[in-house]
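# Analysis of the macromolecular model
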Amino acid sequence: MFYKFEGKHTFGGIKIKKKLMEILACPIDKHHPLELHVFEEKDEIVEGLIVCPKCLRWYPIRDEIPEMLPDELRKENEDLPFLKKWKEKIPEKIQNEGKPFNLKS
Ligand SMILES: [Zn+2]
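What you see is a predicted model, and the numbers here were worked out from it, not measured in a lab.

## Looking at the overall build of the protein
Secondary structure summary: the protein contains three helices and four strands in total. For the protein, the α and β elements follow one another from N to C terminus as α-β-β-β-β-α-α. When burial is assessed residue by residue, the protein has 16% of its 105 residues classed as buried. The contacts of the protein with a sequence gap of at least 6 include a subset with a gap of at least 24, amounting to 38%.

## Some thoughts on the confidence of the model for the protein
Taken over all residues, the pLDDT of the protein has a mean of 86, while the share at 70 or more is 85%. Long-range and interchain partners of residues 1–12, a stretch whose pLDDT sits below 50, account for six contacts in this model, where long-range means more than four residues apart.

## Section: unusual backbone geometry
The omega torsion of the bond from His32 to Pro33 falls at 0 degrees, within 30 degrees of zero and hence cis. Relative to the assigned elements, Pro33 resides in the loop between helix H1 (8–23) and strand S1 (35–41). A cis amide bond, omega 0 degrees, links Lys99 with the succeeding residue Pro100. Tracing the backbone through its elements, the reader meets Pro100 in the segment after helix H3 (92–97). Backbone geometry places Asp63, a non-glycine residue, at a positive phi of 50 degrees. Inspection of the secondary structure assignment puts Asp63 in the loop between strand S3 (58–62) and strand S4 (65–66). Residue Asp63 is classed as exposed on the basis of its 9 C-beta neighbours within 10 Å.

The rules behind the values
- Residues numbered from 1 in each chain as written.
- Predicted model: local features only at pLDDT ≥ 70, side-chain atom pairs only at ≥ 80, totals over all residues.
- Helix = DSSP H or I, 4+ residues; strand = E, 2+ residues; numbered from the N terminus.
- Buried ≥ 20, exposed ≤ 12 C-beta atoms within 10 Å, placed from the backbone.
- Contact = placed C-beta atoms within 7 Å.
- pLDDT = per-residue confidence, 0-100.

Below is the structure:
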């Protein structure tokens, strides 16, 4: 990963998101820590994936917003295209066994 240092604000933003990972827990099983995969990064993480290694649930980061929603609020027609879009960067285990949606189902 490559960080730009011009402007404290820029670097601070990324730091905040990293800090977020230190406190974030899976909303389903409360597992902590979660894994962070960064797909696109500007001043902030624009698109990425948060993975719970315990239950294999994944949560998208879209437009810099981590969407940590429980299963019943997830929308397959929005989440599957996201998974397909970043297929190359997503661990195989999540592609095949990820919850609540995966590319095998
Ligand atoms: Zn979990």
